[in-house]
Amino acid sequence: MNLFKISIANLKEKKLNSFLSALLLTLGIGMISLLLLLNKQLDEQFRRNIRGIDMVVGAKGSPLQIILSSIYQIDAPTGNIPLSEVNTLKRNPFVKTVIPLSMGDNYNGFRIVGTNESYSEHFEAKVSSGKMFNSTMEVTIGSKVALSGTLKIGSTFASAHGLDAGGDVHGDKKYKVVGIFEPTGSVVDQLILTSLSSVWDIHEHAEGEAHHEEHEESVEHHEDEKQVTSALIRFRNPMGLIALPRQINENTSMQAALPSIEINRLFSLLGVGIETLRALALIIIVIAGASVFISLYNSLKERKYEIALMLSMGATRTRLFLMLLLEGLMLSVIGYLAGVVLSRIGLLAFSRAAEKDFHYSLKEFSLLPEEIYLFAAALLLGILAAALPSLGIYKLNISRTLAEE
Amino acid sequence: MITSKNLHFSYSSQKHFTFPDISCDDNETLLILGQSGKGKTTLLHLLALLLKPTSGEIHIANKKASGISSSEATNVRAQNIGIIYQRAHFASSLSVMENILLPNYFAGQKQDRDKASFLASELGFAEHLEKKTNQLSQGEQQRVSIARALMNNPNVILADEPTSSLDDDNCGKVIDLLKKQSAQIGASLVVVTHDQRLKDEFTNSVFL
């Protein structure tokens, strides 16, 4: 028999009240914890992928869409731009590197991106087995693509039109897997990389056939006007940031988008939702505190005689105060632990959905430093909610309580 | 042993009690009889150091127990006094066994499960030790509270109307057990009651 055992027995005695208090705390803590996790990991994922990319050019349209489609590979591209204009940029003194990208096809939902070696170099993706794609129709696949199981080195596949699984299959030309990248934690993991010429080949062939039947002369037109979807650009110095985007937007058919600005915009848009959820979580936590307070207040009223009895047996008031405090603390700890577990389950569910739709995975389950503060806050809440009603112990009149019954 | 001298107590200026001196040696019993409103419970609470007298002295186990600080009083109560109430009350979330062990715990003594089991079989509720207290009948509950009062081998056992909620059968049993058990540990047994059934059970008595 000790205070701890008595407190547990008291909590068990009031199962439903204890459950409600712990449940509310679990929900509140779980929500805040999940928000912290998502915020951190989304932020990390987003920042990691824009590292070293100062500007993206694509067809005229939404700059955010250009960023999402060209860097994160999660939205549809705005259209195509002429390769010649991209090549002109290469000669610009502000520009250090230009990485052309050509998208439009997928295999089982994994995007096939036509580019050159500088793309994988940029993301520091090393080939773990096999080799880099070299000639037309050779591909090197990201680690997640390899893990999905259908593709191995040497296997061949036909791409499907569009960016989601289930488009028309370009059945006549087949890609061949020649290498697999090491996991990088970046967007490369979920991509199938090939040369620009492969993408041109497939589409010229397909489109050429279609055009062949209707407009004989347009085939020639296609030959000299090679197109890409977008290009990732790195500046030689920050001056480029000031001069180039305007120049491109005014003088070319292309649209320039700055990743850092667009991502900040995206986060400020998401921020409203996150703020709302956070406020909601805080309200739930406050309600949890109120619930602990009310249930201890009520049980103290009911147990007034018990308390007086224990005092008459020689228990000190401080000891009984600690006993009630312990009840509040135990609820906090239970609520916190369950909340942290709940947030991990939530993250897992969220990650499943994100993985399925975007091939992004969020799988950092370790405890965040913010969650340690959250623990301290939960303990404080438990102590406060328990201490306020329990102070009544110091005012309890033993004789009167025992006599009144 | 417990003695009191010139005990006075007042709840307010109108309600004033003067109590006769009482004295109960080790191994002796004392019955304090009185109608309700005569301050029986007040006297018991004074003797149990739950109330402080306006004036007068109390000695418990040959030590002055009046005019001491409340933490000292708590300690004297834990070590020397066992109290039995009119209706048995317990920590409802704990089992019978745990309730009996509570006085040991609060007095900072070893929690003597063997003694609890022994008392339980002496008092005839050994089979109920793991039950919750509210599953027991009134008579059984009163016997559990006697066991609880005996756990610390107190010098004085104070009983407030221990039999008033019991039928004749249980009344006799409970009083016999009280007398027998307090004699076994050599304690002074003071019973405060209006229950006339107890008049013949005690040789020493005081009327309020």
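On a predicted model such as this, the values are computed, not experimentally measured, just so you know.

Caption draft 1: Structural detail: the overall build of chain B. Check the secondary structure of chain B and you find 6 helices and 10 strands. For chain B, the C-alpha radius of gyration of 16 Å lies close to 17 Å, the compact-globule estimate for 208 residues. Along the first, second and third principal axes, the C-alpha set of chain B runs to 50 × 35 × 30 Å. Contacts in chain B between residues far apart in sequence, at least 24 positions, make up 73% of those at least 6 positions apart.

Caption draft 2: Focus on the interface of chain B and chain A. Facing 24 residues of chain B, the contacting portion of chain A comprises 23 residues. Interface area, chain B with chain A, both sides summed: about 2300 Å², of which 61% is carbon and sulfur. For the pair chain B and chain A, the interface holds 1 salt bridge. A salt bridge links Lys 132 of chain B to Glu 13 of chain A; the shortest N-O distance between them is 3.3 Å. For the interface between chain B and chain A, the tally reads 9 residue pairs in polar contact (both at pLDDT 80 or more). Only α1 (40-47), α2 (70-80) and α3 (96-106) of chain B provide two or more residues apiece to the side of chain B that touches chain A. Looking at the side of chain B that touches chain A element by element, the count peaks at 5 residues for α3 of chain B. Considering only residue class, the side of chain B that touches chain A consists of 12 nonpolar, 7 polar and 5 charged.

Caption draft 3: Highlighting the domain arrangement of chain A. All names here are of chain A. Split into domains, chain A comes out as domain 1 (3-46 + 270-404) and domain 2 (55-257). A separation of 51 Å is found between the C-alpha centroids of domain 1 and domain 2. Listed as interface residues are 7 residues of domain 1 and, on the opposing side, 9 residues of domain 2. Across the interface of domain 1 and domain 2, roughly 760 Å² is buried in total on both sides, 55% from carbon and sulfur atoms. Of all residues in domain 1, the largest losses of buried area upon contact with domain 2 belong to Phe 46, His 359 and Tyr 360, amounting jointly to 74% of the total for that side. Taken together, the connections running from domain 1 to domain 2 amount to 0 salt bridges. Here domain 1 and domain 2 share 1 residue pair in polar contact (both at pLDDT 80 or more) between them. Grouping the constituent residues of the side of domain 1 that touches domain 2 by class yields 3 nonpolar, 3 polar and 1 charged.

Caption draft 4: Seen up close, the sheet that holds strand β9 (residues 188-193) of chain B. Residues and elements named next belong to chain B. Here we have 5 strands laid out as an open sheet, ordered β7-β8-β9-β4-β10, and parallel in their pairing. The sheet terminates laterally at β7 (81-84) and β10 (205-207), the two strands that pair on one side only. Within this sheet the neighbouring strands show an average axis-to-axis angle of 15 degrees, counted without direction. Sheet strands in contact with α2 are β7 and β8 (156-160), and its direction is about 80 degrees off that of β7.

Caption draft 5: Expanded view of the packing of aromatic side chains. For the structure on display, the rule yields 12 aromatic pairs over all chains. Arranged with centres 4.4 Å apart and planes meeting at 45 degrees, the rings of Phe 46 of chain A and Tyr 72 of chain A form a pair that is tilted. In this pair, Phe 46 of chain A sits in helix α2 (residues 15-50) while Tyr 72 of chain A sits in helix α3 (residues 63-72), placing the two residues 26 residues apart along the sequence. Overall, Phe 46 of chain A belongs to the buried group, its relative accessible area being 12%. Note on Tyr 72 of chain A: relative accessible area 1%, which makes it buried. Measuring from centroid to centroid gives 5.7 Å for Phe 46 of chain A and Phe 267 of chain A, while their planes differ by 85 degrees, and the two rings are edge-to-face. Of this pair, Phe 46 of chain A sits in helix α2 while Phe 267 of chain A sits in helix α10 (residues 259-302), and the two are 221 residues apart along the sequence. For the pair Phe 46 of chain A and Phe 267 of chain A, one class covers both residues: buried. Grouped by ring-pair contacts, the aromatic residues Phe 9, Tyr 11, Phe 17 and Phe 19 of chain B constitute a single cluster.

Caption draft 6: Structural view of the environment of Lys 179 of chain B. Residues and elements named next belong to chain B. Looking at where Lys 179 falls in the secondary structure, it is placed in helix α6 (residues 168-184). Overall, the relative accessible area of 23% leaves Lys 179 in the partly exposed class. Those residues in contact with Lys 179 that lie beyond four places of it in its chain are Thr 29, Leu 189, Glu 201 and Phe 202. Separated by 2.6 Å, the side chain of Lys 179 and the backbone oxygen of Glu 201 make a polar contact.

Caption draft 7: Spatial organisation of the pairing of strand β5 (residues 55-60) of chain B. Residues and elements named next belong to chain B. Inspection of the sheet shows strand β1 (residues 2-10) paired to β5 by 5 bridges, in the antiparallel sense. Among the inter-strand pairings, His 8 is bridged to a residue of β5, identified as Ser 55. Summarising the sheet, β5 and strand β6 (residues 63-64) pair through 2 bridges and their orientation is antiparallel. Note that in β6 the partner of Ile 60 across the bridge is Lys 63. Hairpin connection, β5 to β6: the antiparallel pair is bridged by 2 residues, and Ala 61 has positive phi, about 50 degrees.

Caption draft 8: Broad picture of unusual backbone geometry. All names here are of chain B. Positive phi values are uncommon outside glycine, yet Asn 6 reaches one of about 50 degrees. With respect to the helices and strands, Asn 6 occurs in strand β1. In this structure, Glu 161 is a non-glycine residue whose phi angle is positive, near 45 degrees. As for its placement among the helices and strands, Glu 161 is situated in the loop between β8 and α6. Exposure remark for Glu 161: the relative accessible area of 6% places this residue in the buried category.

Caption draft 9: Here's a closer look at the pattern of salt bridges. Enumeration according to the criterion identifies 16 salt bridges over all chains in this entry. Of the charged contacts in the structure, one is a salt bridge between Glu 138 of chain A and Lys 131 of chain A, with a shortest N-O distance of 3.2 Å. Relative accessible area serves as the criterion here: at 15%, Glu 138 of chain A is assigned to the buried category. Ionic pairing is found between Lys 180 of chain B and Glu 122 of chain B, a salt bridge with its closest N-O pair at 3.7 Å. Pair noted here: Lys 180 of chain B is in helix α6 and Glu 122 of chain B is in helix α4 (residues 113-123), with a separation of 58 residues, a long-range link. Each of the salt bridges in this network shares a partner with another, and the network as a whole consists of Asp 168, Asp 195 and Arg 197 of chain B.

Caption draft 10: Geometry of the confidence of the model for chain A. When the pLDDT values of chain A are averaged, the result is 85; 94% of them are 70 or greater. Every residue in residues 208-223 of chain A scores below 50 in pLDDT, and together they form 9 contacts with partners more than four places removed in sequence or on other chains.

Caption draft 11: Representation of the environment of Leu 296 of chain A. Residues and elements named next belong to chain A. As for its placement among the helices and strands, Leu 296 is situated in helix α10. Separated by 207 residues in the primary sequence, Leu 296 and Leu 89 place their C-alpha atoms 71 Å from one another. Not counting chain neighbours up to four residues away, the residues in contact with Leu 296 comprise Arg 303, Leu 324, Glu 327, Gly 328, Ala 386 and Pro 389.

Cut-offs and rules
- Residues numbered from 1 in each chain as written.
- Chains lettered and ligands numbered in written order.
- Predicted model: local features only at pLDDT ≥ 70, side-chain atom pairs only at ≥ 80, totals over all residues.
- Heavy atoms only, no water.
- Helix = DSSP H or I, 4+ residues; strand = E, 2+ residues; numbered from the N terminus.
- Rg over C-alpha atoms; globule rule 2.2 N^0.38 Å.
- Contact = heavy atoms within 4.5 Å.
- Buried area = accessible area lost by both parts, 1.4 Å probe.
- Salt bridge = Lys/Arg side-chain N within 4 Å of Asp/Glu carboxyl O.
- Polar contact = N/O pair within 3.5 Å; in protein donor to acceptor, adjacent residues only side chain to side chain.
- Nonpolar A, V, L, I, M, F, W, Y, C, P; charged D, E, K, R; others polar.
- Domains from an automatic or database assignment.
- Pairing = 2+ DSSP bridges.
- Axes fitted to C-alpha atoms, helices over the stretch in contact; angles between N-to-C directions.
- Phe/Tyr/Trp six-rings, centres within 6.5 Å; stacked < 30°, edge-to-face > 60°.
- Buried < 20%, exposed > 50% of the residue type's maximum accessible area, 1.4 Å probe, protein only.
- pLDDT = per-residue confidence, 0-100.

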